Amino acid sequence: MSSTKAAVSAGRSVLGGVRAAARQWAPPQSARQLDAQAAAYWAGVSAPRWEADSHWESGLGEKWSAVGPAQVDVTRRLLASLGRDVPAGRILDWGCGGGANAVVLAPLCDELVVVDISAASLQECRRQVLARTGRTVRAVLTEPEAPQQAVDAVGEQTVELVVCFYVFELLASREAAVRVLRAVRRVLVEDGAAVIQFKYDDGTRSGAIRRRDYQRRVAGTTFAIHDFWTLCESEGLRPHTLTLVTRDQLDSHYAYVLLTRPPA
């Protein structure tokens, strides 16, 4: 009996190794294929780490309540470099997830718009904000490949501040990042500000796994700092300053860039 179990275990180990090798040496997928994988992942809620990846309180546990204050603190420090603070008008939280940032932002402004590609996360975000602040938020659902839907829903040049945390690391391709940056520019008023967080590449990190299998490494998209800076410029946003957070309560290698939409 024991020899049979050992043989079965050995067979499973070999099969697992073969599958891992197949994934490792599989040809890179196209941006369209990766976007489709990402859309499928975020449309469901059954993956083991989905609630944690979506930053729900049920997924992050005690860490959840620390996320929002930390992000707003970074935002305020960056805005202060331009002599500004969080505006009291309309703010847009791009990729709101389970509402960790929204519960802190909602009391600071007249209107908070939350955008996400997951209907379940939008519902959870609205629930958390209402329960913790008594405020309501405007929720906008977009398809992963169509962030311009947020522009259509909110309107061009109607937002004073866009914040986007823990999102660009989840985007499946550079093309997806470009689409979001374009949408951010379009919703901002002239001289409106955006604070965007991304994972920076320190020369030791690789996106190879991401290029082959999105779900194996959901938060795997990184950018060289100078590359992201110039990418923002190419999409009509003006970078002003950038700060690094080498490690926070959730992960490491984060950069935050302060952008504005230049006057026409």
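Residues numbered from 1 in each chain as written. Predicted model: local features only at pLDDT ≥ 70, side-chain atom pairs only at ≥ 80, totals over all residues. Heavy atoms only, no water.

1. Topic: the overall build of the protein
Summing up its helical and strand segments, the protein has eleven helices and eight strands in all. The 264 residues of the protein split such that 45% are buried. Across the protein, contacts joining residues at least 24 apart in sequence account for 68% of those joining residues at least 6 apart. As presented, the protein carries roughly 12,400 Å² of accessible surface, and 51% of it is formed by carbon and sulfur atoms. (Helix = DSSP H or I, 4+ residues; strand = E, 2+ residues; numbered from the N terminus. Buried < 20%, exposed > 50% of the residue type's maximum accessible area, 1.4 Å probe, protein only. Contact = heavy atoms within 4.5 Å. Areas by Shrake-Rupley, 256 points an atom, 1.4 Å probe, with all protein chains shown as cover.)

2. Looking at the pairing of strand 1 (residues 90-94)
Each regular strand shows side chains that alternate between the opposite faces of the sheet. Burial analysis of strand 1 places five of its five residues in the buried class, which makes it a mostly covered element. Note that strand 1 and strand 2 (residues 111-116) share five bridges and pair parallel. When the sheet's bridge partners are listed, Leu 92 is paired in strand 2 with Val 113. Of the pairings in the sheet, the one linking strand 1 to strand 4 (residues 159-164) comprises three bridges and is parallel in character. Across the sheet, Asp 93 pairs through a bridge with Val 163, a residue of strand 4. (Pairing = 2+ DSSP bridges.)

3. Observations concerning the pattern of salt bridges
One pass over the full model with this rule turns up twelve salt bridges. Note that Asp 85 is salt-bridged to Arg 76, the shortest N-O span being 2.9 Å. Relative accessible area serves as the criterion here: at 43%, Asp 85 is assigned to the partly exposed category. A residue is classified by how much of its surface remains accessible, and Arg 76, at 36% relative accessible area, is partly exposed. We note a salt bridge from Arg 174 to Asp 227, for which the minimum N-O separation is 2.8 Å. Of the two residues, Arg 174 is situated in helix 9 (residues 174-187) and Asp 227 in helix 11 (residues 225-234); the sequence distance between them amounts to 53 residues. (Salt bridge = Lys/Arg side-chain N within 4 Å of Asp/Glu carboxyl O.)

4. Notes on the nonpolar core
One finds Leu 92, Trp 94, Val 162, Phe 168, Ile 196, Phe 198 and Phe 228 to be the most contacted residues of the largest nonpolar core, which totals 35 residues. Sequence-distant contacts of Val 162, defined by excluding residues within four places in its chain, comprise Leu 92, Trp 94, Val 184, Val 187, Leu 188, Ala 193, Ala 194 and Val 195. Counting residues in each nonpolar core, the second largest holds 33 residues, with Val 137, Leu 161, Tyr 254 and Leu 258 among its members. (Core = buried A, V, L, I, M, F, W, Y, C linked by side-chain atoms within 4.5 Å.)

5. Here we look at helix 5 (residues 64-80)
Taking 1.5 Å of rise per residue, the 17 residues of helix 5 would be expected to cover 24 Å, and the 26 Å separating its terminal C-alpha atoms lies within 8% of that figure. Residues of helix 5 that are buried include every one of Trp 64, Val 67, Gly 68, Gln 71, Val 72, Val 74, Thr 75, Leu 78 and Leu 79, and no others. Angular distribution of buried residues about the axis of helix 5 spans 160°; they occupy a single face of the element. (Expected span 1.5 Å × (residues − 1). Arc of directions from axis to C-beta.)

6. Focus on the packing of aromatic side chains
A complete count under the given rule lists nine aromatic pairs for this structure. Note on Tyr 41 and Trp 42: the rings are 4.8 Å apart at their centroids and 85° apart in plane angle, and the pair reads as edge-to-face. Across this residue pair, the class does not change: Tyr 41 and Trp 42 are buried. Three or more aromatic residues joined by ring pairs form one cluster here, namely Tyr 41, Trp 42, Trp 50 and Trp 56. (Phe/Tyr/Trp six-rings, centres within 6.5 Å; stacked < 30°, edge-to-face > 60°.)

7. Overview of helix 9
Taking 1.5 Å of rise per residue, 14 residues should cover 20 Å, and helix 9 covers 20 Å from first to last C-alpha, within 8% of that figure. All of the buried residues in helix 9 are Ala 176, Ala 177, Val 178, Val 180, Leu 181, Ala 183, Val 184 and Val 187.

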